[in-house]
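Working through the structure, step by step
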Amino acid sequence: LFGFNTNRVSGYFEPIAPSSEDKLLLPKNFKYDVVAAFDDVINAAGERFGEGSDYNAYFPLEGSNVRGLLVTNHEYSTIFSLGPVKDGKMTKEQLHNNLYYQGMSVIEVYRDEKGVWKMDINSSHARRINGYTKFDLTGPAKGGSALGGATTAVGTFANCSGGVTLWNTVLSCEENFAETAAASSLPETHYGWVIEIDPFDKKYLKKHTALGRFNHENTAMGIAKDGRVVVYMGDDKKDACVYKFISKGQYNKSLGRGNSALLEEGTLYVANLKKGEWVPVTLEAVSKAIKDKPELQKKFVTQGDVVTYCQEAALLVGGTPTDRPEDIEISPFDNTIFICHTNNDNHGNIHGHITRIFEGGSDLGSLTFDFEIFAAGGRQSGFSSPDNLAFDSNGHLWVVTDISSSSQNKGVHKSFMNNGLFVIPTSGPDQAKALQFASAPVESELTGPFFTPDEQTLFLSIQHPGENTTDLNKPTSRWPHRAGDSKARSGVVAISGFKLG
Ligand code: FEO
Ligand code: CA
Ligand code: CA
Ligand code: CA
């Protein structure tokens, strides 16, 4: 048995073995309930739960651990939401579904008297945010020439991971936006940002351009010693960088959501791993770097241009290309920063690794750092291709894996079988050892682990089960195997433990 506190999901469990079954497998004494799956009705207006569930965040209602709002990201479409796309060209209906089923859902969830988690479709909070929702732009790119003078953007899609702010809103990250933007002839520069929504306020919808435009995976927010807000972000692309944004002003708890203005003005930094330095991605630094490159001087005229063409700007100022930085978490115990570098076959990093950054003076506001490889994927550690992360109160990292479905169960990935959820202690005798807690259904990836405050429930997304299906009559997965279902559905489960002993 592994763990410390009974009656919590983050408590004792007997690690499971890898599996290739089309099931969500959990350790003995744990169960899951499907709270929402693709296309389920979420409210009285008949809106539907989106496709490709990823990030989750739970917001207690009246402090409750058994009733709250669940915010879920919807990253992308599959054959199950679009049907087969002929010759790579979507029909009008497919284009609509593609925009409709991506984005986010806010739903209300509760645990009934029998201990079963359910969705409450009578909720007044339940709603969809998708490719049609209008957002206010903030920050340096707002109204600038790179965005064609736009002060608003229509829609959000490719919403991958995210983070909760100190003022209880959700940041959601637009990751692989290019395909959907191109298919629907939308201006590409309006996507690839970090957006902010308030689960309790339908009208509050922002895209914060100060945080840069790239293939945003997630955000992890903390406070520097001097009170400024710090946001760590990964750019999930091969040979791309790790960023942090530091606000100009200081966090003031009494302002509540008013602190959101901190995300509109500040400095974006990129990690230079050779020097152990956070390098500013500013117009001043970029201008210096391109003083002998007149062809680039036309591209980078304002800070709005710098944040819009952020990937290029970051490399110009000395950001270090890394192996697909996915999720990032700040340890609540020692302010060290954990980054999943999922993999990068450009140079043989097949199983990926988790990097740990030690900020100078343990201050998130520091501009110097040291780092180590905290854990490496591979046969010895038992996991491959780490992706999302969550901390529990024992100081354990909960890590989901994302071996691509075309690589699963064969070659060098054979021994790992389906994707999984692993628990990795960050200190003590078991530091950096991975223990498997869950095994994912066929061709799926587990995403968005998020605990209720009492850690008795873990929300987890099951993303793209059966995604290699080409014939809808022969799906490669039928998860969640609900009565009457003939196809696979992505969705969110609530995992809870039975009382032990
Ligand atoms: Fe959407 Fe980088 O995972
Ligand atoms: Ca994914
Ligand atoms: Ca991811
Ligand atoms: Ca991934």
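Definitions and limits used
Residues numbered from 1 in each chain as written. Chains lettered and ligands numbered in written order. Predicted model: local features only at pLDDT ≥ 70, side-chain atom pairs only at ≥ 80, totals over all residues. Helix = DSSP H or I, 4+ residues; strand = E, 2+ residues; numbered from the N terminus. Rg over C-alpha atoms; globule rule 2.2 N^0.38 Å. Buried ≥ 20, exposed ≤ 12 C-beta atoms within 10 Å, placed from the backbone. Contact = placed C-beta atoms within 7 Å. Pairing = 2+ DSSP bridges. Axes fitted to C-alpha atoms, helices over the stretch in contact; angles between N-to-C directions. pLDDT = per-residue confidence, 0-100. Core = buried A, V, L, I, M, F, W, Y, C linked by C-beta atoms within 7 Å.

**Quick notes on the overall build of the protein chain**
Per the secondary structure count, the protein chain includes 7 helices and 30 strands. A compact globule built from 501 residues should have a C-alpha radius of gyration of about 23 Å, and the protein chain, at 22 Å, falls within 12% of that. Summarising its shape, the C-alpha atoms of the protein chain cover approximately 65 × 55 × 50 Å along the three principal directions. Buried positions account for 52% of the 501 residues belonging to the protein chain. Here the contacts in the protein chain between residues at least 6 apart in sequence split such that 60% fall between residues at least 24 apart.

**So, the sheet that holds strand β18 (residues 277–280)**
Sheets are built from strands that pair by backbone hydrogen bonding, the pairs being arranged parallel or antiparallel. In space, the 5 strands of this open sheet follow the order β13-β14-β16-β17-β18, with antiparallel pairing throughout. Two strands bound the open sheet, and with one partner strand each, they are β13 (220–223) and β18. Taken over all neighbouring pairs, the strand axes of this sheet differ in orientation by 30° on average, direction set aside.

**Describing the sheet that holds strand β10 (residues 170–174)**
Sheet architecture is open: 6 strands sit in the order β8-β7-β12-β11-β10-β9, paired in mixed fashion. Edge positions in the sheet fall to β8 (152–154) and β9 (159–164), since each of these pairs with one other strand and no more. Pairwise comparison of adjacent strand axes, ignoring direction, gives a mean angle of 30° for this sheet.

**Side note on the environment of R213**
Along the polypeptide, R213 turns up in the loop between β12 (201–208) and β13. If we skip the residues at most four places from it in the chain, R213 touches G192, W193, V307, T308 and C310.

**Section: the pairing of β9**
β9 sits mainly inside the fold: 5 of its 6 residues count as buried. Bridging between β9 and β10 involves 4 bridges; their strand directions are antiparallel. Bridge pairing links G162 to S172 in β10. In this antiparallel pair of consecutive strands, β9 and β10, the connection spans 5 residues, and N168 shows a positive phi of 65°.

**What to know about the confidence of the model for the protein chain**
Here the protein chain averages 96 in pLDDT, while 98% of its residues score no lower than 70. For this predicted complex, the interface score ipTM comes out at 0.94, while the overall pTM is 0.97.

**Examining unusual backbone geometry**
Look at the link from W479 to P480: it is a cis peptide, with omega at 10°. Mapped onto the elements of the fold, P480 is located in the loop between β29 (457–463) and β30 (491–497). Phi is positive for H464, which is not a glycine, with a value near 45°. The class for H464 is buried, based on 28 C-beta atoms found within 10 Å.

**Digging into the nonpolar core**
Grouped together as the largest cluster of nonpolar side chains are 124 residues, with contacts concentrated most on V35, V281, A313 and V493. Sequence-distant contacts of V35, that is, excluding residues within four places in its chain, are made with L70, V109, W117, K118, M119, V492, V493 and A494.

**Regarding the pairing of strand β26 (residues 420–425)**
Counting buried positions over the 6 residues of β26 gives 5, a clear majority of the element. Sheet analysis places strand β25 (residues 396–401) next to β26, joined by 5 bridges and oriented antiparallel. Paired with V399 across the bridge in β26 is F422. Two elements, β26 and strand β27 (residues 435–439), share 4 bridges in a ladder whose sense is antiparallel. Bridge pairing in β27 links L421 to A438.

**Some details on helix α2 (residues 92–101)**
When we look at burial in α2, the residues that qualify are N97, N98, L99, Y100 and Y101. Trailing α2 by a residue or two, G103 shows a phi angle of about 115°, which is positive.

**Observations concerning the environment of Y58**
One can find Y58 in strand β2 (residues 53–60). When the C-alpha positions of Y58 and D236 are compared, they lie 24 Å apart, and in sequence the two are 178 residues distant. Ignoring any residue separated from it by four or fewer positions in sequence, one finds Y58 in contact with G68, L70, F450, T452 and F459.

**What to know about the environment of A271**
Positionally, A271 belongs in strand β17 (residues 266–272). Spatially, the C-alpha atom of A271 lies 18 Å from that of G352, the residues being 81 residues apart in sequence. Not counting residues up to four positions away in its chain, the partners in contact with A271 are C241, V242, W278, G319 and T320.

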